[in-house]
Amino acid sequence: MKYFPHTPDDLREMLAVIGVNSLDELYAEVPQELLHKGDLNLPDAQSEIELRRTLHSLAAQNRPLTAFAGGGAYDHYTPSLIPYITARSEFSTSYTPYQAEISQGTLQYIFEYQTMMADLTGMDISNASMYDGATATAEAMMMCVAAAKKRNRVLISSTFAPNVLRVVETYAHFHGVDLQTIPEKDGVTDKDYLKAAVEQDDVAGVLLPQPNYYGIVEDFEGIADHCHAHKTLLAINAVAADLATLRSPGEWGADIACGDGQSLGLPLSCGGPYIGYLCTKEALVRKMPGRLVGMTTDAEGRRAFVLTMQAREQHIRREKATSNICTAQGIMCLWIGAYLSLMGQKGLQEAAALSYAGAHTLRDLLTADGAFAEAFPNQPFFNEFTLKCEGVCPNQLRHAMAKKGWLAGIAAEGHKDLLILCVTEKRSREEIEAFAKELIACKKELSASSK
């Protein structure tokens, strides 16, 4: 079978090279009580056509929903050329090359990715990507502590998405970081609390989201100056696609930009694979984990790409490394590089404008007759917003809408009546109006049945 490549002769040859006669002899050192006895609980072998038929029948059981949900996973359009580019044999592996300079194609797309992400975030330098936005935020926290040396306290806004907060808390716990939460006030970071905490002159870094968990675009005016006056670093986690329109972390004066790059055309697919981005000012480059690819010329004067820096525990400072992260999301770097190249600044801004307009239209339709109320009125939002659905459990509403073919947002954690909705450029005016009508009707039905 094509997907099971080793023949019995292949196995015998490989075993002979390492000096054993059988697979049983190869695993002889494994204790008998750990070895599985008997047959595996697997179906009978199938031919390729039978296997394809089985997989198609399983796939047919999926019920695709029209997405009006975000929360870190955004249903943006993917240009059809991108899957073709990423499937080319030159880019067939997602793993970072260890003999880097012979992988010029891989190094080039990482270089292009770094260049475009640094430009998008307003920073000097980008690394070669990370696993996802949550771990990238945790790495930003570690950078703050490493740069501060004698400070071990980091502040993080409670307006982060809960899943990101939990990952950062886990990193902090096992690295001995004193992580403290900044409370929220009217759906945004309590800036008075933040400033007072920074003035104690023992804070290594401050982590803030943009937009935040509720979709609110927060105002960070003056925060960077206040942090820097007290020798504190500022890291901003931003939704990557929104930076086509919103002020970048660099424009806010941040030292580190981090977050997830999924919104840059990566399709929704059971939660992954995603890609975390981490960009910084040049002064912090040696505290940044991962790899940096640079451009130079070879002995004959031709353009060439090289690994400029590898701040990795395998190579330097093993016990003192800021991070133990190794692998970049290489194939996702290529995907985002292709997306940004194809969309360009104008395309990104058009997609952002459509998302913004669609979200505000949906908000207006849902709140016009009082069926829903804004959770945080007068707070600016981009393409996500939070509504109160009083009298109805948000998850009940979501499940009822799913039966009708709609993915109706996410229920806000820690709140019994808040629903977070999202609109991207993929949603048409007709879909928005139909969704609003169904959601209002569904809420009325559930309210009536609960009385």
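Just above sits the structure.
Counting restarts for each chain, with residues numbered from 1 along the sequence as it is written. Given that the model is predicted, a residue must reach a pLDDT of at least 70 before its local features are reported, and side-chain atom pairs must reach 80 or more before they are shown or counted; all residues, however, enter totals for whole chains, interfaces and linings. Note that water and hydrogens are dropped before the side-chain values are worked out from all heavy atoms of the structure.

Draft legend 1. The sheet that holds strand E14 (residues 384-388), seen in detail. In space, the four strands of this open sheet follow the order E13-E14-E17-E16, with antiparallel pairing throughout. Because the sheet does not close on itself, it has two edges, and the strands there are strand E13 (373-374) and strand E16 (410-411). At least two bridges found by DSSP between two strands is the condition for calling them paired. Each helix is a run of DSSP H or I of at least 4 residues and each strand a run of E of at least 2, with the numbering of both proceeding from the N terminus. Two elements, E13 and E14, share two bridges in a ladder whose sense is antiparallel. Paired with Glu-374 across the two strands is Leu-387, which belongs to E14.

Draft legend 2. A look at helix H6 (residues 133-148). Given the number of residues in a helix, its expected span is that number minus one, multiplied by 1.5 Å. When the terminal C-alpha atoms of H6 are compared, their 23 Å separation across 16 residues agrees well with the 22 Å that a helix rising 1.5 Å per residue should span. For H6, a buried count of 13 out of 16 residues is recorded, marking the element as mostly surrounded by other parts of the structure. Where H6 begins, one side-chain oxygen reaches toward the backbone nitrogen of Ala-134, 3.3 Å away; that side chain belongs to Asp-132. Residue Lys-149 follows H6 closely and has a positive phi angle near 65°. Exposed residues in this analysis have more than 50% of their type's maximum accessible area, buried residues have under 20%, and partly exposed residues fall in between, with area computed by a 1.4 Å probe over protein chains only. Distance and chemistry together define a polar contact, namely a pair of N or O atoms within 3.5 Å, with one atom able to donate a hydrogen and the other to accept it when in protein, and with adjacent residues in sequence counting only for side-chain atoms on both sides.

Draft legend 3. Representation of the packing of aromatic side chains. When the centres of two rings from Phe, Tyr and Trp lie within 6.5 Å, Trp using its six-membered ring, the rings pair. Their planes under 30 degrees apart give stacked, over 60 give edge-to-face, and anything left gives tilted. Considering all chains together, one arrives at nine aromatic pairs under this definition. Ring geometry for Phe-68 and Trp-406: centres 6.0 Å apart, planes at 55°, overall tilted. Placement of the pair is Phe-68 in the loop between strand E1 (66-67) and helix H4 (81-86) and Trp-406 in strand E15 (residues 406-407), with a sequence separation of 338 residues. The exposure class of Trp-406 is buried, given its relative accessible area of 10%. With a centroid separation of 4.8 Å and 50° between ring planes, the pair formed by Tyr-214 and Phe-376 is classed as tilted. Residue Tyr-214 is found in the loop between strand E7 (203-210) and helix H9 (223-229), and its partner Phe-376 is found in the loop between E13 and E14; the two are separated by 162 residues along the sequence. Like Phe-376, Tyr-214 is buried. Across from the ring centre of Trp-252, 3.9 Å away, lies the NZ or CZ of Arg-247, which sits over that ring. Definition used: whenever NZ (Lys) or CZ (Arg) falls within 6 Å of the ring centre and also within 35 degrees of the ring normal, the charge is taken to sit over that ring. Cation over ring: Arg-427 sits above Phe-68, and NZ or CZ is 6.0 Å from the ring centre.

Draft legend 4. Local environment of the environment of Val-285. Position of Val-285 relative to the elements: it lies in the loop between strand E10 (276-280) and strand E11 (290-297). Separated by 99 residues in the primary sequence, Val-285 and Glu-384 place their C-alpha atoms 33 Å from one another.

Draft legend 5. Fine view of the packing of helix H5 (residues 104-121) against helix H11 (residues 330-367). The N-to-C vectors of H5 and H11 enclose an angle of 60°; their axes lie 9 Å apart at closest approach. As far as their axial angle goes, H11 and H5 are oblique. The handedness of the crossing between H5 and H11 is left-handed. Here Tyr-109, Tyr-113, Met-116 and Met-117 of H5 lie close against H11, whose contacting residues are Gly-330, Ile-331, Cys-333, Leu-334, Ile-336, Gly-337, Leu-340 and Ser-341. Throughout, an axis means a line fitted to C-alpha atoms (over the contacting stretch in the case of helices), and angles, computed between N-to-C directions, take values from 0 to 180 degrees. For classification purposes, an angle smaller than 35 degrees is called roughly parallel, one larger than 145 roughly antiparallel, one from 65 to 115 roughly perpendicular, and anything else oblique. Left-handed describes a crossing in which the near helix is turned anticlockwise from the far one by less than a right angle; the clockwise case is right-handed. A contact between two residues is defined here by any heavy atoms of the two lying within 4.5 Å.

Draft legend 6. Local environment of the pairing of E7. Within E7, eight of the eight residues are buried, leaving the element largely enclosed by the surrounding structure. For strand E3 (residues 153-157) and E7, the ladder comprises four bridges, and the chain directions are parallel. Bridge assignment links Val-154 to a residue of E7, and that residue is Gly-205. The pairing of E7 with strand E8 (residues 233-238) spans six bridges and is classified as parallel. Across the sheet, the residue bridging to Gly-205 is Leu-233, located in E8. When the strands point away from the viewer and the path from the first strand over the helix to the second turns clockwise, the crossover is right-handed. Read from E7 through H9 to E8, the crossover connection turns out right-handed.

Draft legend 7. A look at the sheet that holds strand E9 (residues 256-260). Spatially, the seven strands line up as an open sheet ordered E2-E10-E9-E8-E7-E3-E4, and their pairing is mixed. Pairing within the sheet leaves two strands with one partner each, and these edge strands are strand E2 (125-126) and strand E4 (178-182). Strand contacts of helix H8 (residues 191-198): E3, E4 and E7, with the helix running at about 160° to E7, the strand carrying the most contacts.

Draft legend 8. Molecular detail of the packing of H11 against helix H13 (residues 429-450). Interhelical geometry of H11 versus H13 gives an angle of 30° and a closest axis separation of 10 Å. When the axis of H11 is compared with that of H13, the two are roughly parallel. In this structure, the crossing between H11 and H13 has a hand that is right-handed. Across from Gly-358, Thr-361, Leu-362, Leu-365 and Leu-366 in H11, the residues of H13 making contact are Arg-429, Ile-432, Glu-433, Phe-435, Ala-436, Leu-439 and Ile-440. Throughout this entry, Asp, Glu, Lys and Arg are counted as charged residues, while Ala, Val, Leu, Ile, Met, Phe, Trp, Tyr, Cys and Pro are counted as nonpolar. The remaining residues, Gly among them, count as polar. Grouping the amino acids of the contact of H11 with H13 by side-chain chemistry returns eight nonpolar, two polar and two charged.

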